[in-house]
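Here is how the chains run, residue by residue.
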Amino acid sequence: MTNNEVPQGGFAEAGADLELVGISKRFPGFTAIEELDLTIPAGSFFALLGPSGCGKTTTLRLIAGLEEPTTGRILIGGRDVTSTRAYQRPVNTVFQSYALFPHMTIIENVAFGLKRRGIKNADPLAHEALQLVELDHVANRKPAQLSGGQQQRVALARAVVNRPALLLLDEPLGALDLKLRRQMQIELKDIQSEVGLTFLHVTHDQEEAMTMADTVAVMNKGRIEQMGNPQELYELPHTAFVATFLGQSNLFTGEVTSSGSSSISVDVSGTTIDVRSDRAQRHRGRVTVGVRPEKVTLYDSAPKQSSDRNVVGPGRVTDVSFSGVSTQYEVTLPTHGVVTVFSQNTSITAMHHDGDEVWLSWDVGHTFGLADESYTAAGSRFQDDTDTSMIATQSREKLEAELGAD
Amino acid sequence: MAFTAFSAQTSAAEPAAKRRSPIALFLLLPGILYLILFFVTPLISLVITSFQEPDPVRFGSFVNAFRWENYVIVLETYGEQSLRSAGFAALATLFALLIGFPLGYFIGITLRPYPLLQGLALVLVIAPFFISFLLRTLAWKQIFSDEGPIAGVLGALAILPPGQAITGTAFSVIFGLTYNFVPFMTLPIYATLASLDLRLLEAGNDLYGSPAVTFRTVTLPLSAAGVMSGTLLTFIPAAGDYINASREFLGSTDTTMIGNVIETNFLVLQNFPAAAALSLVLMAAILILVSLYVRRSGTEELL
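Just so you know, these numbers come straight off a predicted model, no measurement behind them.

Caption draft 1: Representation of the overall build of chain A. Counting its regular elements, chain A contains nine helices and 20 strands. Sorting the 406 residues of chain A into buried and exposed places 50% on the buried side. Restricting the contact set of chain A to residue pairs at least 6 apart, pairs at least 24 apart contribute 67%. Working note: accessible area of chain A is about 18,600 Å², and carbon and sulfur atoms make up 49% of it.

So this is what it looks like as structure tokens:
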């Protein structure tokens, strides 16, 4: 295959490695991606997770060849494709907007890529791909005659049918309802393991990323904050952003009072919280530590102090929301603010009520220490400005700051 | 009939209103009255005139009759001019398309990230309309005249043989038609391209379509509605045009088009039946051509 030709004939035998080396992308006025290095091994299902505006879609567009990087190189299967155009790359994208060709029938849409590459039995292959997404019966309709969810599945079939070395998915399941979404998640995973392609999935849905991907990279402000398998990311987040973006976390900030070989102690407003040294990113100075809400147990009376448990309290239950499987409590502590606790509804006696005085306790091994020095109010590091309530909150804060109120 | 092509974009998608509302009819009333007064009435009068025969008593006036030979006579007499009209109009439409499409593409797609420049470019396309069409055509006559700059340069370079004028030739007439109708071609093409979703072009590129292939398979079919409106808006008036081809402007007796013949018959020869018959022939010819064109390009294929 020469550099300026459309890849002809045959399908990719297997997925290919993707390597980004020192990629930066600057647009007039802002930097979308800053010095990004990333390697995705062949055949893996990789999720790029982040809030909108974090640079994840730009990363995807750079790999697809729809944008040019300001600096850096992109390698697919070891071959430098930085200077090649989108149509020359062995990459296909499932677009967030579907981008189905409105003047073509569904089958023409799906066969488009195959025909461009001169593959002979394009139509039977396209029908097969449509069967995979259970839409072969609408093959002769136009995209406008399909529902949003159906269009999304067609977009998926149109990309998958080409068996690209690398499949890019830009929030591909966004428009589907929950049931179809689950079904498609499983189907996607099946396709991926069956064909052995490399999938790069961009999403802001942390649950989707965690259930589908082998490796998740959490991206924020043009950088990858942390990368690893979903469980690792959840159990041991390295930064406050990861801790709060991926699931919920209770975070506490304080000074390190003693630092031993196996654990460090942090003084948080008079209470000592212990963290295992290997679970802490920093061992001295001002640190932020945290614990996941489901790891915390509530007690009616002060539990016995023990070296392997952290105890905080007393506090008052200020909110109880029962959701069947579990109950979510909000406990307000005079010194630590609000702590969220998820409690499995396994015992009928363990219900707590609004206003109850409670103590909180959790295993030292569940505590994690973050790289951030301090952590201020929930969500302040990132605010999703696409959300109208967030815009309202921001403008209210701005107004309050202007009026000097607090 | 031809006008369905212009509204194809909306009418195809929306289902017909199921309920007939008397208010809708009432709102249509001014339009209907206007059409009856200024289209149907003159049309009927034209049809009647076209069958008239010379008054045997008073020379120069005509009486109602059913003299269908009028049609045969005008077709025999003016066959050459009719063919020339069709040819000139078709060429002018082709050239207008060759100029208008890139222009519409440039304004609608290339300039899309710069709304100010886009607006400015659109104003430039429309700007010639601020000056009378007659004046602009006369200005071209000056530019092309024997003493003008173009004839001078071409003569000096020996491209233009001595004694050969530029005005009064088929070239100058087609040039004038093209020049005058370029905005009518550009604007509808611009309108469809301005609403073209560029993500579709990205999808085309992503699916191994080179820019040229993506243009042929995505951009062109999706701009077909604009191209069709533009060609109709150019071809129909150009076929009946009598300004560019007239001797006072860019034409000569060798470039007479059917519009000039009709004008001469009405205003100079005062042969009203012939003029009326020619007008109707022109109308019918255009209707047939346009309906063939619309059917061939398939309106239902347009979005």
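Read on for the rest.
Caption draft 2: View of the sheet that holds strand β4 (residues 71-76) of chain A. Residue and element names in this part refer to chain A. With antiparallel pairing, the four strands of this open sheet are ordered in space as β2-β1-β4-β5. Across the chains shown, the open sheet's two edge strands, defined by having one partner strand only, are β2 (30-40) and β5 (79-80). Both strand β1 (residues 18-27) and β4 contribute to a ladder of five bridges, which runs antiparallel. By the bridge assignment for β4, serine 24 is matched with threonine 71. Running over the sheet, helix α1 (residues 56-64) touches β1, β2 and β4 and is turned about 115° from β1.

Caption draft 3: Quick peek at the interface of chain A and chain B. Counting residues at the interface gives 29 residues for chain A and 19 residues for chain B. For the pair chain A and chain B, the summed buried area comes to about 2,000 Å², and 65% of that belongs to carbon and sulfur atoms. Summed over the three residues of chain A that lose the most area to chain B, namely A:Tyr87, A:His103 and A:Arg116, the buried surface amounts to 27% of that side. Inspection of the chain A/chain B interface yields one salt bridge. For A:Arg61, the salt bridge identified is with B:Glu202, shortest N-O distance 2.6 Å. When residues of the side of chain A that touches chain B are traced back to their parent elements, those giving at least two are α1, β6 (91-94) and α2 (106-116) of chain A. Here the side of chain A that touches chain B is built from residues that sort into 16 nonpolar, six polar and seven charged.

Caption draft 4: Seen up close, the sheet that holds strand β20 (residues 368-370) of chain A. Residue and element names in this part refer to chain A. Strand order in this open sheet of five strands is β13-β12-β11-β14-β20, and the pairing throughout is antiparallel. Every other strand in the sheet has two partners, leaving β13 (271-276) and β20 as the edge strands with one partner each. Strand-to-strand, the axes of this sheet are offset by a mean angle of 45°, without reference to chain direction. Of the strand pairs in this sheet, strand β12 (residues 263-268) and β13 are connected by six bridges, and their pairing is antiparallel. The residue bridging serine 263 from the neighbouring strand is arginine 276, located in β13.

Caption draft 5: Highlighting the UniProt feature "transmembrane region" (unreviewed entry) in chain B. All names here are of chain B. The feature "transmembrane region" (unreviewed entry), as annotated in UniProt, sits at residues 23-48, 88-111, 117-138, 150-175, 213-236 and 274-294 in this numbering. A helix fraction of 100% and a strand fraction of 0% characterise residues 23-48, whose end C-alpha atoms lie 35 Å from each other. Taken end to end, residues 274-294 has its terminal C-alpha atoms 30 Å apart, with 100% of it in helix and 0% in strand.

Caption draft 6: Region of interest: the packing of helix α6 (residues 133-144) of chain B against helix α8 (residues 170-194) of chain B. Residues and elements named next belong to chain B. Taken N-terminus to C-terminus, the directions of α6 and α8 make an angle of 140°; their axes are 11 Å apart at the nearest point. As the angle between them shows, α6 and α8 are arranged oblique. When you trace α6 past α8, the crossing you get is right-handed. Two secondary-structure elements touch here, α6 through Phe133, Arg136, Thr137, Trp140 and Phe144 and α8 through Phe171, Phe175, Tyr179 and Asn180. Grouping the amino acids of the contact of α6 with α8 by side-chain chemistry returns six nonpolar, two polar and one charged.

Caption draft 7: Here's a closer look at the pairing of strand β3 (residues 45-49) of chain A. Residue and element names in this part refer to chain A. Burial of β3 is extensive: five of the five residues sit out of reach of the surface. Across the two faces of β3 the burial is the same, with Phe45, Ala47 and Leu49 and Phe46 and Leu48 all buried. Note that β3 and strand β8 (residues 198-203) share five bridges and pair parallel. In the sheet register, leucine 48 faces β8, and the bridge partner there is valine 202.

Caption draft 8: Geometry of the layout of surface pockets. Quantified by volume, the largest pocket comes out at close to 770 Å³. The wall of the largest pocket is formed by 32 residues, among which A:Arg61, A:Leu66, B:Leu201, B:Glu202 and B:Asn205 lie closest to the centre. Elements represented by at least two residues in the lining of the largest pocket include exactly α1 and β7 (166-170) of chain A together with α4 (79-110), α9 (198-206) and α10 (211-222) of chain B. Take the lining of the largest pocket: its biggest share by element is five residues, from α9(B).

Caption draft 9: Examining helix α11 (residues 224-240) of chain B more closely. Residues and elements named next belong to chain B. With 17 residues, α11 should reach 24 Å at 1.5 Å per residue; the first-to-last C-alpha distance of 24 Å fits that figure. The buried fraction of α11 amounts to 12 of the 17 residues, a majority that puts the element mostly inside the structure. If you check which residues of α11 are buried, you get Ala225, Gly226, Val227, Met228, Ser229, Gly230, Thr231, Leu232, Thr234, Phe235, Ala238 and Ala239.

Caption draft 10: Inspection of the environment of B:Gly230 at higher detail. Residues and elements named next belong to chain B. When you line up the elements, glycine 230 lands in helix α11. Given a relative accessible area of 0%, glycine 230 falls into the buried group. Spatially, the C-alpha atom of glycine 230 lies 9.8 Å from that of tyrosine 190, the residues being 40 residues apart in sequence.

Caption draft 11: Local environment of the pattern of salt bridges. According to the stated counting rule, one finds 17 salt bridges over all chains in the structure shown. Where A:Glu208 meets A:Arg181, a salt bridge forms, and the shortest distance between an N and an O atom there is 3.1 Å. In this pair, A:Glu208 sits in helix α6 (residues 206-212) while A:Arg181 sits in helix α5 (residues 178-195), placing the two residues 27 residues apart along the sequence. For the pair A:Glu208 and A:Arg181, one class covers both residues: buried. Of the charged contacts, one joins A:Glu235 and A:Lys295 as a salt bridge, the two residues approaching to 3.2 Å between their closest N and O atoms. Residue A:Glu235 is found in helix α7 (residues 230-235), and its partner A:Lys295 is found in the loop between β14 (286-291) and β15 (297-299); the two are separated by 60 residues along the sequence. The partly exposed category is assigned to A:Glu235, whose relative accessible area is 27%. Linked by salt bridges that have partners in common, A:Lys25, A:Arg61, A:Glu67 and B:Glu202 make up one network.

Rules used in this analysis
- Residues numbered from 1 in each chain as written.
- Chains lettered and ligands numbered in written order.
- Predicted model: local features only at pLDDT ≥ 70, side-chain atom pairs only at ≥ 80, totals over all residues.
- Heavy atoms only, no water.
- Helix = DSSP H or I, 4+ residues; strand = E, 2+ residues; numbered from the N terminus.
- Buried < 20%, exposed > 50% of the residue type's maximum accessible area, 1.4 Å probe, protein only.
- Contact = heavy atoms within 4.5 Å.
- Areas by Shrake-Rupley, 256 points an atom, 1.4 Å probe, with all protein chains shown as cover.
- Pairing = 2+ DSSP bridges.
- Axes fitted to C-alpha atoms, helices over the stretch in contact; angles between N-to-C directions.
- Buried area = accessible area lost by both parts, 1.4 Å probe.
- Salt bridge = Lys/Arg side-chain N within 4 Å of Asp/Glu carboxyl O.
- Nonpolar A, V, L, I, M, F, W, Y, C, P; charged D, E, K, R; others polar.
- UniProt positions renumbered as here; feature names shortened; annotations may be inferred.
- Parallel < 35°, antiparallel > 145°, perpendicular 65-115°, else oblique.
- Left-handed = near helix turned anticlockwise from the far one by under 90°.
- 1 Å grid on protein atoms, 1.4 Å probe; cavity = no way out; pocket = protein on both sides within 12 Å on 5 of 7 lines; lining within 4 Å.
- Points joined across faces, edges and corners; volume = space filled by probe spheres on them.
- Expected span 1.5 Å × (residues − 1).

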